[in-house]
Amino acid sequence: MADSGAQIHSDRRIPSLTGLRIFAALAVYLSHVGPPHDSGELLTTFFGSGYSGVTLFFVLSGFVLSVNYFESFRRLRLRPTWNYFVARFARIYPLYVVVLFYMVVRFNANGLPIDGWWWNTLAVQAWSSDVYEAYAFVGPAWSLSVEF
């Protein structure tokens, strides 16, 4: 059977990894929210370690993508590769643009500079040598820039 594009092989799902990804995402979220007022040192340290959740989330996501797309990329061919990138882009970029637009409008309304917006529009802000560019509008989107 000819493979017309990158296909997800649903029989290769690993549900236990989904649970781990939830905990990783929760760690990231809690680090952004911050600990409750007058928390002890242990709770403050726990809330501040969200970067570990980012690492775990990236590793798990990379593994899941590898398992699901391994057969499609066994022999590197243009069509499956193109289909994969189009599917990833279509899944991620539209919501990213909505959030970015909201933040640019908000910056403009507050009189804040919107220099370098085009880095963010192209989702390559983490490619800049200026760290400020990577976090300028939508801080967590640096990870999308790295993926792109």
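Conventions adopted
- The residue count restarts for each chain, going from 1 along the sequence in the order it is written.
- Restriction of local features to residues with pLDDT of at least 70 applies here, the model being predicted, together with a cutoff of 80 or more for giving and counting side-chain atom pairs; totals for whole chains, interfaces and linings are based on all residues.
- As a rule here, side-chain values cover all heavy atoms of the structure and leave hydrogens and water aside.
- Paired rings are identified among Phe, Tyr and Trp, the last through its six-membered ring, by centres lying within 6.5 Å, and are further divided according to the angle between planes into stacked (under 30 degrees), edge-to-face (over 60) and tilted (the rest).
- In this scheme, a residue with accessible area under 20% of its type's maximum is buried, one over 50% is exposed, and one in between is partly exposed, where area comes from a 1.4 Å probe on protein chains only.
- One number per residue, pLDDT, summarises how confident the predictor is, and it ranges from 0 to 100.
- Only DSSP runs of H or I reaching four residues or more are called helices, and only runs of E reaching two or more are called strands; each is numbered from the N terminus.
- Any two residues having at least one pair of non-hydrogen atoms within 4.5 Å are treated as being in contact.

Focus on the packing of aromatic side chains
The full count for this structure, using the stated rule, is seven aromatic pairs. Residues F46 and F47 carry aromatic rings whose centres are separated by 6.1 Å and whose planes lie at 85° to one another, so their mutual orientation is edge-to-face. Each ring, one from W118 and one from W119, has its centre 4.8 Å from the other, and the planes form 25°; the classification is stacked. For W118, a relative accessible area of 43% translates into the label partly exposed. Cluster of aromatic residues (ring-pair linked, three or more members): F89, Y93 and Y96.

Digging into the confidence of the model for the chain
Averaged over the chain, the pLDDT score is 81; the fraction of residues at 70 or greater is 92%. Ranking the elements of the chain by mean pLDDT puts helix α6 (residues 131–135) last, at 81, and helix α4 (residues 78–109) first, at 88.

Concerning the environment of F101
Position of F101 among the secondary structure elements: in helix α4. The exposure class of F101 is exposed, given its relative accessible area of 59%. A sequence separation of 16 residues divides F101 from W117, and the C-alpha atoms of the two residues are 9.8 Å apart.

Points about the environment of F89
Relative to the helices and strands, F89 is located in helix α4. By relative accessible area, F89 is classed as partly exposed at 40%. It is 24 Å that separates the C-alpha atoms of F89 and P15, two residues lying 74 residues apart in sequence. If we ignore the near neighbours within four places in the chain, the residues touching F89 are P94 and F148.

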